[in-house]
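So the chains spell out like this:
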Amino acid sequence: MKLNLTGDVSSVTDGLKAVLENLAIQLSQDGYPIHVKNQKGPIRVVNKNGHGEITFEKKVHFFRALGLWLEQVNKVSEFDFTEDPQFDMSGVMLDASRNAVPTVAEVEKFLQRMAVMGLDTLMLYTEDTYEVKEHPYFGYMRGRYTFEELKACDDYAEKLGIEMVPCIQSLGHLREALKWNYASTFKDTDDILLVDKPETYEFLENCIKAASEPFKTKRIHIGMDETFQLGLGKYLEQNGYENHIDLMNRHLQKVVSITEKLGLKPMIWSDMYYPLFTENSKYKDENGNIQKELVASIPDVQLVYWNYYSKDQAIYEKDIMNHKLLGSTPIFAGGAWTWNGLAPNYGKAIVTTEAAIAACKKEGVKEIFVTMWGDNGAETPLSTSFPILQLFAEHSYHKEVTIDQVAERFEFCGDGHFDDFINLKLLDETPGVMQDNMNTSMTSKVLLYQDSLIGLYDENVRGLSLGEHYEKLVSVLERAKAHNPKWEALFDFYEQLARVLSEKAEIGLVLKEVYEKKDYEQMKAILTKLEMIQSNVDLLRQKHRKVWFAANKPFGWEVLDIRYGGVITRLDSVKYRINEWLEGRISSLEELEEKRLRHEGPWEIVDGLVGGNVYHRIVTAGNFSL
């Protein structure tokens, strides 16, 4: 469609060039006339009497408004509506540290979609995946971003009115950064820095400089979450025991002094201060308030309250009120649940988001963002996050939102059908799993990777008819692939995953049953099925690889090659073992002689959960780590 934009367009001209192709529009003086106004107040989108009008305040609001105008003009001839932004900041945190590092081109595509949705902030979470010239082993062979790459992303984001904020770690979650010998003098445990050590702060100053310099913003997220072993490693040996709150405050003060020196405004994850909030907290006075001296001792940083586990709005409200006791309203971070395993957990993402954002609106939270972690390999493609980003975006511009509204907007902003994407949750939300998968069953991951002959999860799936479930899902995803041409490769990958699991999900149960019956003819038939599974797993690997390399740097794919290769080569050994038994060279298959137990550990297997675990706990009961 040709458009003739007049009025206050100078601030958005560069950004328009970036989104023209994606929005299928051209700018021309003989195009449809739209007058643009840049002024304070709500977004307004109008089309009347053959003329359009767009009113916006922030630059990113223009791109959302343009998308809204284009979406509406294809449905009705005339319209006039407004949207009121509900938050001062509504953004995304994209994990670039857990194996997958999106390319600059992919970040730019991501920014385009964010802009049309109206999301105004992007954090690239980089534990060690950014270049620190003083420490060449920092991020070595991990796909780290160079200064030039990060600056290119930031420059592109600015055109679209999106603020990019560096998001790093400055205390824990640094296992990959600290594994090299250069860090031996300033690490407390394998993944936590040694508090009070001068070398620690020299290292951090180098990191903070390197992470912040490519960006125009003065904001920086310096992490500091989940440091449960703080002070219990080398620090304990050298100094004796010290309370973690005291260690946190002292370390944070030193890091804040670095950010102040560099003119930066830091924020941190708030969870290590949660002990202050407990009912019987020793940090509270006789009136139940947190001791004033302690509150005063916490350095001046913004606290980021992260929670994406509960569907109870009251829990979020209480947590937000607790954070206010520390002197300010927190930033809120929710979750897209793209880190469940191989597939997104849309059920949990939707219900937790609805509850959390309702609480944020009620309690006056002004800044929110959605996290897209990539735990244990970043096996789930980042594009699966878009339906949940759309949900966050619609909540960012409306007091009340329905899923139908989200679905309608996603069809325009996401170039896909919301319901087809949501069906991806059925890879994990299977029979035996509770509604919305609130206990985060990773059914597809455990069934893909578990050993067919050892079958650690076989008792967990017994009686659930999962083979039949996945067989039906193949045709559902096949239709989705045809229905979403922009996402053909994505649905092709997931269709193939369902096809593999339709045969592999219960193969271990069948193997044991046939073996116990000593049914040699049936066992020979199973060999043919194992051949087919093996071939289909390799095809799955290739389809997954296509999706990966379309979005990410090559570093990290080697881990998934090894995982897929493990499944393929183990199937080869399974066939070998079965042939040895069929041909009488061994008298028994010891793996199938073992009584099967339910998989229990290291986490509890609760109701509504088929199975969930990290890779090395899925593939063997032995000592193995990857």
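Residues numbered from 1 in each chain as written. Predicted model: local features only at pLDDT ≥ 70, side-chain atom pairs only at ≥ 80, totals over all residues. Heavy atoms only, no water.

J.: What is the right way to read the packing of aromatic side chains from this model?
T.: The geometry of an aromatic ring pair comes down to the distance between the two centres and the angle between the two planes. As enumerated under the stated definition, the model contains 39 aromatic pairs in all. Between Tyr309 and Trp337, the ring centres sit 5.7 Å apart and the planes meet at 80°, which makes this aromatic pair edge-to-face. Of this pair, Tyr309 sits in the loop between strand E14 (302-306) and helix H10 (313-324) while Trp337 sits in the loop between strand E15 (331-335) and helix H11 (346-363), and the two are 28 residues apart along the sequence. Its relative accessible area of 44% is what places Tyr309 among the partly exposed residues. Judged by its relative accessible area of 3%, Trp337 is buried. (Phe/Tyr/Trp six-rings, centres within 6.5 Å; stacked < 30°, edge-to-face > 60°. Helix = DSSP H or I, 4+ residues; strand = E, 2+ residues; numbered from the N terminus. Buried < 20%, exposed > 50% of the residue type's maximum accessible area, 1.4 Å probe, protein only.)

J.: What exactly am I supposed to notice about a nonpolar patch on the surface here?
T.: Residues Tyr137, Tyr140, Met141 and Phe555 make up a contiguous nonpolar surface patch of roughly 400 Å² in combined accessible area. With respect to the secondary-structure elements, Met141 resides in the loop between strand E8 (121-125) and helix H4 (147-159). The exposure class of Met141 is exposed, given its relative accessible area of 53%. (Patch = residues over 30% accessible without salt bridge, like charges linked within 9 Å, V, L, I, M, F, W, Y side chains within 5 Å. Areas by Shrake-Rupley, 256 points an atom, 1.4 Å probe, with all protein chains shown as cover. Salt bridge = Lys/Arg side-chain N within 4 Å of Asp/Glu carboxyl O.)

J.: Just to check I follow, could you spell out the nonpolar core for this structure?
T.: Nonpolar side chains in soluble globular proteins tend to end up buried together. Ranked by internal contacts, the top residues of the largest apolar core, which has 209 residues, are Phe62, Phe110, Leu122 and Leu276. The element best represented in this core is helix H21 (residues 557-582), accounting for 11 residues. Residues within four places of Leu122 in sequence aside, it is in contact with Val92, Leu94, Val107, Phe110, Leu111, Met114, Ile162, Glu163, Met164 and Val165. (Core = buried A, V, L, I, M, F, W, Y, C linked by side-chain atoms within 4.5 Å. Contact = heavy atoms within 4.5 Å.)

J.: Got a minute to help me understand the sheet that holds strand E4 (residues 43-48) in this structure?
T.: Each strand in a sheet pairs with another by means of backbone hydrogen bonds, the pair being arranged parallel or else antiparallel. Taking strand neighbours across the sheet as the criterion, the 6 strands line up as E2-E1-E3-E5-E4-E6 in an open arrangement whose pairing is mixed. The open sheet terminates on both sides in strands that have one partner only, identified here as strand E2 (26-27) and strand E6 (79-83). By the bridge criterion, 5 bridges tie strand E1 (residues 2-7) to strand E3 (residues 32-38) in an arrangement that is parallel. Bridge pairing links Gly7 to Val36 in E3. (Pairing = 2+ DSSP bridges.)

J.: I'm lost on unusual backbone geometry in this one. Help?
T.: Between Gly601 and Pro602 the backbone carries a cis peptide bond, its omega angle lying at 0°. Checked against the element boundaries, Pro602 lands in the loop between helix H22 (590-593) and helix H23 (615-619). We note that Lys518 has phi near 55°; this positive angle belongs to a residue other than glycine. Look at Lys518 and you get partly exposed, because its relative accessible area is 40%.

J.: Please clarify how the pattern of salt bridges should be interpreted in this entry.
T.: Between side chains of opposite charge, a pair can form when the charged atoms approach closely. Applying the stated criterion across every chain, the model contains 57 salt bridges. Among the salt bridges present, the one from Glu131 reaches Lys133, with a minimum N-O distance of 3.4 Å. Residue classification places Glu131 among the partly exposed residues on the basis of a relative accessible area of 26%. Between Asp538 and Arg541 there is a salt bridge, and its shortest N-O distance comes to 2.8 Å. In this pair, Asp538 and Arg541 are both assigned in helix H20 (residues 520-551), 3 residues apart and thus about one turn of the helix distant.

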